[in-house]
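# Reading the structure
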Amino acid sequence: HYQIQHDLIKPILINAGLSLAGFFLTVKMIPVASKYVLKRNLFGYDINKKGTPQGTVKVPESLGIVVAVVFMVLTIVFQFFNFAPDSNWLVEYNAALASICFMTLLGFIDDVLDVPWRVKLLLPSIAAFPLLMAYAGHTTIIIPKPLVSYIGLKVLDLGFIYKIYMWFLAIFCTNCINIHAGINGLEVGQTVVIASAILIHNVMQIGVSADPEYQQAHAFSMYLVQPLLATSLALLSYNWYPSSVFVGDTYTYFAGMTLVVVGILGHFSETLLVFFLAQVLNFLLSAPQLFGFRHCPRHRLPRFDPQTGLLTGTNDGTLINFYLRMFGRKTENSLCVHLLLVQALGCGICFGLRYLLTGWYK
Ligand code: UD1
Ligand code: MG
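Summary of the structure given here. If you're wondering where the values come from, they're calculated on a predicted model, not measured in any experiment. (Residues numbered from 1 in each chain as written. Chains lettered and ligands numbered in written order. Predicted model: local features only at pLDDT ≥ 70, side-chain atom pairs only at ≥ 80, totals over all residues. Heavy atoms only, no water.)

## Description of the site of ligand 1
Taken together, 19 residues are adjacent to ligand 1, and Y45, I47, E61, K120 and H299 come closest. Between ligand 1 and the protein, one listed contact pairs an oxygen atom with a backbone N or O atom of I47 at 2.8 Å. Contacts to ligand 1 include R298, whose side-chain N or O atom sits 3.1 Å from an oxygen atom. In isolation ligand 1 offers 720 Å² of accessible surface; the protein chains occlude 92% of this area. Put simply, ligand 1 lies in the largest pocket. A breakdown of the residues in the shell around ligand 1 according to their chemical character gives seven nonpolar, five polar and seven charged. (Near = heavy atom within 4 Å. Polar contact = N/O pair within 3.5 Å; in protein donor to acceptor, adjacent residues only side chain to side chain. Areas by Shrake-Rupley, 256 points an atom, 1.4 Å probe, with all protein chains shown as cover. 1 Å grid on protein atoms, 1.4 Å probe; cavity = no way out; pocket = protein on both sides within 12 Å on 5 of 7 lines; lining within 4 Å. Sits in = over half its atoms within 2 Å of the grid points. Nonpolar A, V, L, I, M, F, W, Y, C, P; charged D, E, K, R; others polar.)

## Focus on the coordination of the magnesium ion (ligand 2)
Every protein donor of the magnesium ion (ligand 2) is accounted for by N178 (OD1) and D249 (OD), and the metal-donor separations fall at 2.0 to 2.1 Å. Residue N178 is located in helix α8 (residues 160-179), and its partner D249 is located in helix α11 (residues 248-265); the two are separated by 71 residues in the primary sequence. D249 gets classed as buried once you look at its relative accessible area, which sits at 13%. (Donors = N, O, S within 2.8 Å, 3.2 Å for Na, K, Ca; no water. Helix = DSSP H or I, 4+ residues; strand = E, 2+ residues; numbered from the N terminus. Buried < 20%, exposed > 50% of the residue type's maximum accessible area, 1.4 Å probe, protein only.)

## Quick look at the layout of surface pockets
Roughly 1,000 Å³ of internal volume is contained in the largest pocket. Contributing to the lining of the largest pocket are 39 residues, with E61, E187, D249, R298 and H299 lying nearest its centre. Classifying every residue of the lining of the largest pocket by side-chain character gives 17 nonpolar, 12 polar and 10 charged. (Points joined across faces, edges and corners; volume = space filled by probe spheres on them.)

## A few points about the packing of helix α9 (residues 186-206) against α11
Any two packed helices are characterised by the angle at which their axes cross and by the distance between the axes. Closest axis-to-axis distance for the α9/α11 pair is 10 Å, and the angle between their directions is 15°. Of the possible angle classes, the one that applies to α9 and α11 is roughly parallel. The element α9 and its partner α11 pack so that their crossing is left-handed. From α9, E187, V188, T191, I194, A195 and I198 reach across to α11, where they touch Y251, T252, A255, L259 and V262. Along the lines of polarity and charge, the residues of the contact of α9 with α11 split into eight nonpolar, two polar and one charged. (Axes fitted to C-alpha atoms, helices over the stretch in contact; angles between N-to-C directions. Parallel < 35°, antiparallel > 145°, perpendicular 65-115°, else oblique. Left-handed = near helix turned anticlockwise from the far one by under 90°. Contact = heavy atoms within 4.5 Å.)

## Focus: the packing of aromatic side chains
Scanning all chains against the criterion turns up 16 aromatic pairs. Their ring planes at 45° and their centres at 4.7 Å tell us that Y323 and F327 sit as a pair that is tilted. Linking Y323 with F327, this pair stays in helix α14 (residues 319-327), spanning four residues, or about one helical turn. Look at Y323 and you get buried, because its relative accessible area is 14%. Every member of this aromatic cluster is reached through a ring pair, and the members are F78, Y93, F220 and Y223. (Phe/Tyr/Trp six-rings, centres within 6.5 Å; stacked < 30°, edge-to-face > 60°.)

## Here we look at the packing of helix α2 (residues 64-78) against α11
Interhelical geometry of α2 versus α11 gives an angle of 35° and a closest axis separation of 7 Å. Like other packed secondary-structure pairs, α2 and α11 cross with a definite hand, here left-handed. In this structure, α2 contributes G64, I65, V67, A68 and F71 to the contact, and α11 contributes T250, Y251, F254 and T258. Classifying every residue of the contact of α2 with α11 gives six nonpolar, three polar and no charged.

## Observations regarding the nonpolar core
Judged by nonpolar contacts, the single largest core of 90 residues is most densely connected at I198, L235 and F254. Sequence-distant contacts of I198, defined by excluding residues within four places in its chain, comprise S221, V225, L259, V262, F268, L272 and F275. (Core = buried A, V, L, I, M, F, W, Y, C linked by side-chain atoms within 4.5 Å.)

## Some thoughts on the environment of G51
With respect to the helices, strands and loops of the structure, G51 is situated in the loop between β1 (43-44) and β2 (59-60). Of the residues examined, G51 reaches a relative accessible area of 67% and is grouped as exposed.

## Examining the environment of S269
Within the secondary structure layout, S269 lies in helix α12 (residues 269-275). Sequence-wise, S269 and C176 are 93 residues apart; in three dimensions their C-alpha atoms are separated by 15 Å. When sequence neighbours within four positions are dropped, the list of residues in contact with S269 reads Y162, Y165, L169 and G263.

## Describing α9
For α9, which comprises 21 residues, the first-to-last C-alpha distance of 30 Å matches the rise-based estimate of 30 Å (1.5 Å per residue) to within 8%. In terms of residue burial, α9 counts as a mostly covered element, since 17 of its 21 residues are buried. (Expected span 1.5 Å × (residues − 1).)

## Observations regarding the pattern of salt bridges
When the charged atoms of two side chains with opposite charge come close together, those side chains can pair. By the definition in use, this model includes four salt bridges. Here E332 makes a salt bridge to K49, at a shortest N to O gap of 2.6 Å. Of this pair, E332 sits in helix α15 (residues 332-357) while K49 is found in the loop between β1 and β2, placing the two residues 283 residues apart along the sequence. We note that E332, like K49, is buried. Residue D249 is joined to K120 by a salt bridge in which the shortest nitrogen-to-oxygen separation is 3.0 Å. (Salt bridge = Lys/Arg side-chain N within 4 Å of Asp/Glu carboxyl O.)

Laid out in structure tokens, this is it:
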């Protein structure tokens, strides 16, 4: 192991402190914002409680807006404490924040106006522009070790194509999170698992190379992922079963874009995709309905039986339904725990794969 640069430790700790403050601020603000969104009729009914008294309660929607606002405040204020010697980073950092902010705006617009969902699939492609335009970092991908002898290269420079790859990644990851949803706690829960995996990855990687740029890339990803994790945990405390608030597309889009930006600026976007294993499976199962080969209803949720309180899988192509068909009926709460464990297992596989393909010490 190499030494981690001293000038990185202080900003990482300051960022962690700010994130902790952000957690408490978010916990405090969500009930306040809930009252206001209800007043403006921004609410939803909990579909998996239909037929029980809980199913008639108006649950405040779009509380992701609180997370996004607190996150933006933290990450903007944090710049004051980060004396990066390389101003290129600051340009990219601000471009990343612009993309996240733009995505939050479009997500909130979607929650308020109910954009038709095939149109809404395209919203992230617009929000990704600030990052795509300002990105001046690497345009290379790492070749997995077993393939190096065939290709004769350790890294491959994709040049301009890399930006197109980034663009698709942004569209894919944001929508992926939004469509792996519909049971209490899953939207935020999956983000919390992925963000934790990224944080572990950063901590493990930051000291393995003496290259200051490599260390900075992982530090920068931490500067964004720590506030994301802290504010999301606060939201999860309200969104966990039985949900007293819904997160809205404001949150799913915000979280997806933040994770993409973190993966790109940290330069581990291939690893990020493997952390998204559960989402990729859900996307593959969803493809026939997403691309119009099969009818896609407004909600593709399991069937709830108010008598037993259990959920049964339907024929809609989602990981939730697939899991229920495979492993039998479950309560909403235990189903969410199971799916989050599947998510964590996927991240574990990712750490294993990384070790096998590129080695810990890349
Ligand atoms: C996506 C999914 C949709 C799923 C929905 C659930 C696709 C193409 N779209 O749509 O199948 O039903 O997410 O969020 O896969 N809700 C609950 N319990 C929850 C979370 C949400 O009942 O734990 C319901 C509430 O009525 C809430 C509504 O879903 O108001 C929010 O749906 P929204 O996020 O707008 O749906 P989409 O993202 O368009
Ligand atoms: Mg949604």
